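Coordinate analysis (summary)
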Amino acid sequence: MVSLQKFPSVHHAYLLNALSQRSFRISPNRRGPGFLIRSEQVSDVSIASCQDRPGRRQVLAMGSTIAPLLLMSYQTPTSFAAENKKGFLPVTDKKDGYSFVYPFGWQEVVVDGQDKVFKDVIEPLESVSVNVIPTIKQDIRDFGSPQQVAETLIKKFLASPTQKTKVIEASEHDVEGKAYYTFEFTAQAPNFTRHALTAVCIGNGKFYTLTTGANERRWEKMKDRLHTVVDSFQIFNV
């Protein structure tokens, strides 16, 4: 199992500065917002955050009872369509202005520097996190092409400097007049490889990043669900 490495908010401004520089240079000991996979141990913080919550199997066993209540509590106009996705639960943040869905059974945990994190407590590499930081930019394209933004975020903020990273695909799409970049990548450590998907967008004076992924050994099993998560990510005006 693995732990989530937390990042202080002092690096938030550095993220946007790095994206603004075409050279994309960075000190080798820098870290950015997001979480890194560091070892095959679950950290004390991760354990503590999940101790008081029911286990995955307990949650699944109670699913038929609590699922309708959970859906009702999260339901808003922006997440109405999401509730019809079988096996997923919707999340809508009315304060920061974003929504997405995550697989039923994942647990919410608290990670410093992240706005929201949900993960599988049995397979901790299977997770989704959202990071929101201020920006004066108006469009994600102001930071460069999808490939440029992907390489910068992955190498400097979404993976450890000791990990070998590879951008598999980077693309742009439009949702209701807003440009989104999405990219797929791998981050290889000595004892595991994480296969991940990220979506980024700008709106409400904020830079939004959603990342989800799984252990490479479970990618084929999880990829459809993870694509559903990243494709569901939308921001709205607040």
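Residues numbered from 1 in each chain as written. Predicted model: local features only at pLDDT ≥ 70, side-chain atom pairs only at ≥ 80, totals over all residues. Heavy atoms only, no water.

Our focus in this paragraph is the sheet that holds strand β4 (residues 98-103). A sheet is described by the order of its strands in space; here three strands give the open sequence β3-β4-β12, paired in antiparallel fashion. The open sheet has two edge strands with one neighbour each: β3 (88-93) and β12 (234-235). Here β3 pairs with β4 via six bridges, running antiparallel. In the sheet register, Pro 90 faces β4, and the bridge partner there is Val 101. Strands in contact with helix α6 (residues 219-232) are β3, β4 and β12; relative to β4, the strand with the most contacts, it is inclined by about 170 degrees. (Pairing = 2+ DSSP bridges. Helix = DSSP H or I, 4+ residues; strand = E, 2+ residues; numbered from the N terminus. Contact = heavy atoms within 4.5 Å. Axes fitted to C-alpha atoms, helices over the stretch in contact; angles between N-to-C directions.)

Attention now moves to the packing of aromatic side chains. In this description, an aromatic ring pair is defined by two values, namely the gap between the centres and the angle between the planes. If you walk through the whole model with that rule in mind, you get seven aromatic pairs. A ring pair is formed by Tyr 98 and Phe 233, whose centres lie 6.2 Å apart and whose planes are at 50 degrees; its orientation type is tilted. Here Phe 233 lies in the loop between α6 and β12 and Tyr 98 lies in strand β4, a separation of 135 residues in the sequence. For Phe 233, a relative accessible area of 2% translates into the label buried. (Phe/Tyr/Trp six-rings, centres within 6.5 Å; stacked < 30°, edge-to-face > 60°. Buried < 20%, exposed > 50% of the residue type's maximum accessible area, 1.4 Å probe, protein only.)

What is shown is where atoms sit, not what they do.
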